[in-house]
Amino acid sequence: MGQELDCKLRLKKRVLTGRALLETDHLLFRGEERLKVLFKDLTSVRATGGVLKLEFPGGPMELELGAAAEKWAHKILHPPSRLDKLGVKGGLSAKLAGAFDDDFLAELRQRDVSADAAKGKRDLVFFAAQKTADLRKLSKLCADLKPAGALWVIYPKGVTAIREIEVIEAGRAAGFAPRD
C-alpha cells in the first residue's frame, strides 16, 4: 500500500509526533519512538472524526490522520489480495511455468482466471524462477503472450539465488521494456 502521513499518535497516555506508514500487513510509526503494529494483531479498527483508533495487545492507539483516517481503516479491514496488487482481473487466460503454491492456484480459480494446459497466446504468464539460470526461459515464455499481455516473474525474496537486477536484465534481453 505504501501510504505515508505526518501525524500525531496517542498511545496510552503519551502523545508523539511523527510519520505513519500504511503497509500491506502492518502500520509503522516513526517519530520520537518507533512502533510497528501487525494487522493480524488488531482486535478493533475504527475511524471517527479524522482519528484512526486501533486496539491491539500493546494499545490502544489513536492516529490523527484527518480525511485519510476512513480510507486507512478501510484498507486495514479490507486489504487488497495478491491478484489485486498485480492487476489481475477475472476472465483472463494465464500460463503457469514453474512451481506455485496451492493458495495462489486457488486465488486464480476464485478470480475465474483460466490456467489450463491448452496451447495458444495468454493474457498473463506467471513464471516461478528458482535460480538465475532459470531466467534464460523468459524469451520462450514471451512467445506465449498476447500483444498486451503481462509476464510476472516470481522468485525467492531476500536470498541471493536471484537478484532483482538480474530479473530486470533478463527481461530486457528477452525484449521487455519497462512500463511507465
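Parameters and conventions
Within every chain, residues take consecutive numbers counted from 1 along the sequence as written. Owing to the predicted nature of the model, reporting of local features is limited to residues with pLDDT of at least 70; listing and counting of side-chain atom pairs is limited to 80 or more, with chain, interface and lining totals taken over all residues. Side-chain numbers here rest on the full set of heavy atoms in the structure, without hydrogens or water. For this analysis, a nonpolar core means a set of buried residues of the types Ala, Val, Leu, Ile, Met, Phe, Trp, Tyr and Cys, connected via side-chain atoms within 4.5 Å. For every residue, the accessible area obtained with a 1.4 Å probe (protein chains only) is divided by the maximum for its type, and the residue is called buried under 20%, exposed over 50%, and partly exposed between those limits. Secondary structure elements follow DSSP: runs of H or I no shorter than four residues count as helices, runs of E no shorter than two count as strands, and numbering proceeds from the N terminus. Whether two residues touch is decided by their heavy atoms; if any such pair falls within 4.5 Å, the residues are in contact. What makes two strands pair is DSSP finding at least two bridges between them. Contacts described as polar in this section are N or O atom pairs within 3.5 Å, which, within protein, must combine one atom able to donate a hydrogen with one able to accept it, while residues neighboring in sequence count only if both atoms come from side chains. Any Phe, Tyr or Trp ring, taking Trp's six-membered ring, that has another such ring centre within 6.5 Å forms a pair; planes under 30 degrees apart are called stacked, those over 60 apart edge-to-face, and the others tilted. Grid points spaced at 1 Å and placed over the protein atoms alone form the basis of the search, with a cavity being a set where a 1.4 Å probe fits but cannot get out and a pocket an open set showing protein on both sides within 12 Å along at least five of seven lines. Lining residues have an atom within 4 Å of a point. Grid points are joined across faces, edges and corners, and a volume is the space filled by probe spheres set on the points.

Enquirer: Residues and numbers for the nonpolar core, please.
Expert: Within the largest apolar cluster, 25 residues are counted, with the highest numbers of intra-cluster contacts made by Leu27, Leu52, Met61, Leu63 and Ile76. Only strand 1 (3-11), strand 2 (14-22), strand 3 (26-31), strand 4 (34-38), strand 5 (44-48), strand 6 (51-55), strand 7 (61-64) and helix 1 (68-77) provide two or more residues apiece to this core. Leave out the neighbours within four places in its chain, and Leu63 touches Cys7, Lys8, Leu9, Ala20, Leu27, Phe29, Gly50, Val51 and Leu52. Within the second largest apolar cluster, 15 residues are counted, among which are Ala129, Leu141, Leu145 and Ala170.

Enquirer: I'd like a description of the pairing of strand 3, backed by residues and values.
Expert: The two faces of the sheet receive side chains in turn, since in a regular strand these alternate between them. Of the strand pairs in this sheet, strand 2 and strand 3 are connected by five bridges, and their pairing is antiparallel. Residue pairing for strand 3: Gly18 is matched across the bridge by Gly31. Counting the residues in the hairpin turn of strand 2 and strand 3 gives three residues. As paired elements, strand 3 and strand 4 share five bridges and run antiparallel to each other. For Leu28, the partnering residue across the bridge sits in strand 4 and is Lys36.

Enquirer: Would you mind going over the environment of Arg163 in detail, with residue names and values included?
Expert: Within the secondary structure, Arg163 is located in the loop between strand 10 (145-154) and helix 5 (164-173). When the C-alpha atoms of Arg163 and Thr132 are compared, they prove to be 8.0 Å apart, with 31 residues separating the residues in sequence.

Enquirer: Break down the side chain of His26 for me, with residues and values.
Expert: Structurally, His26 is set in strand 3. With a relative accessible area of 14%, His26 lands in the buried category. Within polar-contact distance, the side chain of His26 engages the side chain of Asp25 at 2.8 Å. Contact partners of His26, with chain neighbours within four places excluded, come to Leu21, Lys36, Val37, Leu38 and Phe39.

Enquirer: Could you give me a rundown of the packing of aromatic side chains, with the residues and numbers involved?
Expert: Evaluation of the coordinates by the stated rule reveals two aromatic pairs. On the basis of an interplanar angle of 25 degrees and a centroid distance of 5.4 Å, the ring pair of Phe100 and Phe104 is categorised as stacked. Here Phe104 and Phe126 contribute two aromatic rings whose centre-to-centre distance is 5.1 Å and whose plane-to-plane angle is 80 degrees, an arrangement assigned as edge-to-face. Here Phe104 is found in helix 3 (residues 102-110), whereas its partner Phe126 is found in strand 9 (residues 122-128), with 22 residues between them in sequence.

Enquirer: Go over the layout of surface pockets with me, naming the residues and quoting the values.
Expert: The calculated volume of the largest pocket comes to roughly 1000 Å³. Every residue lining the largest pocket is counted, 29 residues in all, and those nearest its centre are Leu151, Trp152, Val153, Ile154 and Val167. Of all the elements in the fold, those that place two or more residues in the lining of the largest pocket are helix 2 (82-86), strand 9, strand 10 and helix 5. Examining the composition of the lining of the largest pocket, we find that six residues originate from one element, strand 10, more than from any other.

Enquirer: Help me get a handle on unusual backbone geometry, residues and values and all.
Expert: Cis geometry marks the peptide bond from Gly59 to Pro60, where omega comes out at 10 degrees. In this fold, Pro60 is placed in the loop between strand 6 and strand 7. For Lys12, which is not a glycine, the phi torsion comes out positive at approximately 60 degrees. Residue position: Lys12 is located in the loop between strand 1 and strand 2.

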